[in-house]
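# Chain and residue survey
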Amino acid sequence: MVQIPNTPALASPAARPVPTSADVARLAGVSRATVSYVLNNTSAVRISEPTRRRVHEAAKELGYVPHAAARSLRAGHSRLVLMPAPTIPIGPLYSQFINELQWALSRLDYTVVQYGTVGLQGDEAARAWAELRPVAVLVPGAGLGPQGVTVLKRSGARAVVTLGPDSVEGAHALLMDHEAVGFCAGRHLYDRGRRRIGVLVPEEDGLELFSLPRLKGVRRALDGTDAAVTDLPLAYDEQAAARLAARWHALKLDAVFAYNDEYAMLLMRALQDAGVRIPQDTAVIGADDLVLGRLLRPRLSTVHIELPSGRDLAELVDRAVRDPGAGPETHEVLGATVVHRESS
């Protein structure tokens, strides 16, 4: 039988007292008001740089962070900006935009939270978002309706901003016209002498929000011309791309708009493996203007998409929070221009 020595139990970290702003003030040798001004980035009161440094160092040493709920009570609203997590695959371009937006909002002293609502959509999802009492909600895509906007505002949201093809009553709207992306691609291919044009339509759920307007844009660009458009459903999978490439000669297409650069790279590799010459047999153009497209051989033509500035959107949110009674703003924010390279 082994006897386990009776040693004193170590104090649990949870049993230690939570540091307060009073503790920070004592360590830094300042008042609690000064601690509040410094840690809440209050610009109305001038604090010397050495004092700010002492407060930050004391807070770091003690492990103190401001209490978000208490700060919300003082301000009369939270500083939480909620972004529903996308339910569809997002590419590098959108990820870069989100990162810039989060940085810009943090500089304005907001806390950005991405929130997943699996299985919930539209106004039903809005009720779940409202439970967190955000001061602002940024909703990508479609689905939110006027009722959902009302639910969010009644829960305390001062700004509801939608990013999609249509505006929603009561919400600020950043209109993103993906039809323009397809229009640019279709017009470019036609101007390069192509007349039998395929358009890739991703089979991944959710991407139809972007792919169908882009297909419509190509059709609009070629309406009334002697060109024909063929839609080509495709899964983002090497085998699916190889099967499509194997019947390429039978399709008799001399150009393809591949939805975006990632699909374009997938299809280009499959076409080249099948002996299809690019651009001699088939011109290819993507969208998003990713760096990888410039590294391909031939270099990939693309549609450069100008997303809204994360800083501009952060300032829109801040204006709405400061003046919740102002009317909703609507901005058309997506620009599209062709970048012509070797593949077309």
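Our structure is the block above this text.
Rules of the game
- Residues numbered from 1 in each chain as written.
- Predicted model: local features only at pLDDT ≥ 70, side-chain atom pairs only at ≥ 80, totals over all residues.
- Heavy atoms only, no water.
- Helix = DSSP H or I, 4+ residues; strand = E, 2+ residues; numbered from the N terminus.
- Buried < 20%, exposed > 50% of the residue type's maximum accessible area, 1.4 Å probe, protein only.
- Contact = heavy atoms within 4.5 Å.
- Axes fitted to C-alpha atoms, helices over the stretch in contact; angles between N-to-C directions.
- Parallel < 35°, antiparallel > 145°, perpendicular 65-115°, else oblique.
- Nonpolar A, V, L, I, M, F, W, Y, C, P; charged D, E, K, R; others polar.
- Pairing = 2+ DSSP bridges.
- Core = buried A, V, L, I, M, F, W, Y, C linked by side-chain atoms within 4.5 Å.
- Left-handed = near helix turned anticlockwise from the far one by under 90°.
- Expected span 1.5 Å × (residues − 1).
- Arc of directions from axis to C-beta.
- Polar contact = N/O pair within 3.5 Å; in protein donor to acceptor, adjacent residues only side chain to side chain.

## Overview of the overall build of the protein
From N to C terminus, the protein includes 14 helices and 12 strands. Residues classed as buried in the protein amount to 45% of the 344 residues present. For the protein, the proportion of contacts with a sequence separation of at least 24, taken over those separated by at least 6, is 71%.

## Side note on the packing of helix α6 (residues 122-130) against helix α7 (residues 146-154)
In the contact formed by α6 and α7, the axes pass within 8 Å of each other and the chain directions differ by 10°. The orientation of α6 with respect to α7, classified from their angle, is roughly parallel. Residues D123, A126, R127, W129 and A130 of α6 touch α7, and the partners they reach there are Q147, G148, V151 and L152. Among the residues making up the contact of α6 with α7, the classes are represented as 5 nonpolar, 2 polar and 2 charged.

## Notes on the sheet that holds strand β9 (residues 283-285)
Spatially, β7-β6-β8-β9 is the arrangement adopted by the 4 strands of the open sheet, whose pairing is parallel. Every interior strand has two partners, whereas the edge strands, β7 (228-234) and β9, have only one. On average, adjacent strands in this sheet sit at an angle of 20° to one another, irrespective of strand direction. Inspection of the sheet shows strand β6 (residues 196-202) paired to strand β8 (residues 255-257) by 3 bridges, in the parallel sense. By the bridge assignment for β8, G198 is matched with V256. Contacting β6, β8 and β9, helix α8 (residues 179-191) runs over the sheet at an angle of about 165° to β8. The sheet contacts of helix α12 (residues 261-273) involve β6, β7, β8 and β9, and relative to β6 the element is tilted by about 120°.

## Points about the nonpolar core
L105, L138, F257 and L313 are the most contacted members of the largest nonpolar core, which has 47 residues in total. Setting aside residues no more than four positions away along its own chain, L105 makes contact with V81, Y110, V112, L138, A314 and V317. Ranked by size, the runner-up nonpolar core spans 24 residues in total, among them L207, L234, V256 and A270.

## A short note on the packing of helix α1 (residues 21-28) against helix α3 (residues 49-62)
Running from N to C, α1 and α3 cross one another at 125°; their axes reach a closest spacing of 9 Å. In terms of axis orientation, α1 runs oblique to α3. Considering only the axes of α1 and α3, their crossing is right-handed. Judged by residue contacts, D23, V24, L27 and A28 of α1 engage R54, V55, A58, A59, E61 and L62 from α3.

## Some thoughts on helix α5 (residues 92-107)
A rise of 1.5 Å per residue sets the reference length of α5, with its 16 residues, at 22 Å; its end C-alpha atoms lie 23 Å apart and thus fit the reference within 8%. Buried residues of α5: Y94, F97, I98, L101, A104 and L105, and no others. The arc that holds the buried residues of α5, viewed along the axis, is 130°, so those residues lie on one side. In α5, those exposed residues whose orientation departs by more than 90 degrees from the buried face are Q96 and R107. Of the surrounding secondary structure, the elements contacted by the buried residues of α5 are β1 (80-84), β2 (111-115), β3 (136-140), β4 (159-164) and α14 (310-322). At the C-terminal side of α5, D109 shows a positive phi close to 75°.

## Quick notes on α12
Here α12 contains 13 residues, and its C-alpha end-to-end distance of 18 Å stays within 8% of the 18 Å for a straight helix at 1.5 Å per residue. The complete set of buried residues in α12 reads D261, Y263, A264, M265, L266, L267, M268, A270 and L271. For α12, the side-chain oxygen to backbone nitrogen distance between the N-cap and E262 is 3.1 Å, and the N-cap itself is N260. At the C-terminal side of α12, G275 shows a positive phi close to 85°.

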